[in-house]
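Structural description and commentary
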Amino acid sequence: MSEEASTTAPNFIRNIITEDLKNNKNGGKVHTRFPPEPNGYLHIGHAKSICLNFGLANDFNGKCNLRFDDTNPTKEEEEYVESIKQDVKWLGFEWDDREFYASDNFEQLYEYAVKLIKKGQVYVDELNAEQIRQYRGTLTEAGKESPFRDRPIEENLEQFERMRNGEFLDGAKVLRAKIDMTSPNLNMRDPVLYRILHANHHRTGDEWSIYPMYDWAHGQSDSIEGITHSICTLEFEDHRPLYEWFLSELEIHQPQQIEFSPLNLSYTLLSKRKLLQLVSGSHVNGWDDPRMPTLAGFRRRGYTPESIRHFCDLIGVAKRDSLVDVALLEHSIREDLNKHAPRAMGVLNPLKLVIENYPDGKVEELTAINNPGDPEAGTRTLPFSKEIHIEQHDFMEDPPRKFFRLSPGNEVRLRYAFIIKCEKVIKDDSGEIVELRCTYDPETKSGGANSGRKVKGTVHWVSANHAIDAEVRLYDRLFNVKNPAAESDFKNCINPDSLKILRNCKLEPSLKNASPGQQLQLERTGYFCLDSMDSKPEMPVFNRIVSLRDTWAKIEKAQKQQTSKKS
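My aim in this report is to walk through the structure given alongside it, one point at a time.

**Observations concerning empty space enclosed by the protein**
The tally for this structure, following the rule as stated, stands at 4 cavities of 30 Å³ or more. One number sums up the size of the largest cavity: a volume of about 220 Å³. Thr-268, Arg-291, Arg-301, Val-326 and Arg-477 are the residues nearest the centre of the largest cavity, which is lined by 19 residues in total. The set of elements that each furnish at least two residues to the lining of the largest cavity consists of α10 (295–301) and α12 (326–340). When residues of the lining of the largest cavity are assigned to their parent elements, the largest contribution, 3 residues, is made by α12. Split by residue class, the lining of the largest cavity holds 13 nonpolar, 1 polar and 5 charged.

Put into structure tokens, the structure is as follows:
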């Protein structure tokens, strides 16, 4: 686990651990865990928990386990296990030899259940799922006890063993805790510990015919692993009394559970169940679709682990739910890539431009800066010739006031090159502009002795004879409403413009050697990366990571100005 991967921002959990260490609680040890269920790919919300759990262990010289809570074989797959391990490592964290599974503890959990049966604290119930729901009651109405609640201990032991042996059909019986059917906390109204499920498990195969419920396995697995601080999101706050009841009745080590608010991100859906619907319904192209909020999707889109860790540090850790502006996440990747990403030029919607007074057949090499913020990044050469491409939107035949790009009779500077002037516009039979004829001033070469002549506009370009063809995918937010989770059908809120594919793009020739996943800035356009799945040598595919416009920076500036006025 690297030091760079840790998060050191102060928060209430860090304060609790600091106080525990001061009082030598847990013998001065800090042992956390990240316990995903392997039933889907991790998303950006999980990144917050990963950074918190591994970061705290790292900062307090403790340990953090990676544990898979694999208690539902019908929804879990080895593919998800491997993707989770890849994501955690990609974020910069290591678990060394501490890779665990709830299924490692199946025998121990079974013995724990037998112990509670012998204490008269659990029983085998024959009510079906619908009856159990009805008997449980509501938030305003107490539940009622099952007619099987007072089964003799010996009969419960015999029935539970037969459940394990596979003698009953799925759903025929369950094992329930005998707690309090009048409790205001519905989790305490005789919760189910085991259900019969004849299903193949990704690790244990067909060994088991019964499987522990998540609530039964989770707290005991923490205890078995010696976890000191069991850090959970707020939805588990109401489950804490149940976990404590189990651990107290079993008389085993009881970790301290601490809840924090989960990540809620605007224009984003953070539910594995709903994300699975997007995948299975072919609304997106798999879990790693660059529009998806999964870590695999962010990685393929071109986000860096540093930017995601920094984002998690910026949003902090709190006890109250809030909706984080996705612009802050976009700001984090811009800030990171601005420092490190090399620059290049690419024309996404090309318009042919011929420089009439430039010598036929001449090609000259121009010097371009790789990253203006990093002198050590050096320079590269760009070929320049008589025919070039510029962006269609960088020319207007009848421009409005303050349009400082190219127009008839107007001059602009070509980035790293010369000042040109538009002399003639050529159109096809439909009236569409297909070519511009220009002249250039050879005395205005960038970096030359007479390059100081000023014009108001600068545009980017590529040499027509040297540019490489490429496909560019312009990704945008997947949803067009701020909180898609609050909608009755989130699928109706999918942004139809979340992906635009441009297939006639022209990029500078240096990008021919780009490697999969490599990030770069196409000047005046945005940050991009070479797609790791669909790119081919003859047709590279570049994904837009994020545009150059920084909405969050403007929001932050406005907030500071308001604060300044108040003070």
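Having seen it, we continue.
**A few points about the sheet that holds strand β1 (residues 31–34)**
The 3 strands are arranged β1-β2-β3 in an open sheet whose pairing can be described as parallel. Among the strands making up the open sheet, the edge pair consists of β1 and β3 (99–101). Adjacent strand axes in the sheet meet at a mean angle of 35°, parallel and antiparallel pairs treated alike. Across 3 bridges, the pairing between strand β2 (residues 63–68) and β3 is parallel. Directly across from Leu-66, in β3, lies its bridge partner Glu-99. Running at roughly 155° to β2, helix α3 (residues 78–91) makes contact with β1, β2 and β3 of the sheet.

**Concerning the environment of Arg-273**
Here Arg-273 shows up in helix α9 (residues 272–280). Sequence separation between Arg-273 and Asn-39 is 234 residues; the distance between their C-alpha atoms is 8.8 Å.

**A look at the pattern of salt bridges**
Taken as a whole and judged by the stated rule, the model has 49 salt bridges. A salt bridge links Lys-85 to Glu-99; the nearest nitrogen and oxygen atoms lie 3.5 Å apart. One end of the pair, Lys-85, is in helix α3; the other, Glu-99, is in strand β3, and 14 residues separate them in sequence. In this structure, Glu-130 and Arg-133 form a salt bridge, with 2.6 Å as the shortest nitrogen-oxygen distance. Pair noted here: Glu-130 and Arg-133 are both in helix α5 (residues 129–136), with a separation of 3 residues, about one helical turn. Several salt bridges converge on common partners, so that one network encompasses Asp-288, Arg-300, Glu-471, Arg-473, Arg-503, Asp-531 and Asp-534.

Conventions we followed
Residues numbered from 1 in each chain as written. Predicted model: local features only at pLDDT ≥ 70, side-chain atom pairs only at ≥ 80, totals over all residues. Heavy atoms only, no water. 1 Å grid on protein atoms, 1.4 Å probe; cavity = no way out; pocket = protein on both sides within 12 Å on 5 of 7 lines; lining within 4 Å. Points joined across faces, edges and corners; volume = space filled by probe spheres on them. Helix = DSSP H or I, 4+ residues; strand = E, 2+ residues; numbered from the N terminus. Nonpolar A, V, L, I, M, F, W, Y, C, P; charged D, E, K, R; others polar. Pairing = 2+ DSSP bridges. Axes fitted to C-alpha atoms, helices over the stretch in contact; angles between N-to-C directions. Contact = heavy atoms within 4.5 Å. Salt bridge = Lys/Arg side-chain N within 4 Å of Asp/Glu carboxyl O.

These figures come from the coordinates and say nothing about function on their own.
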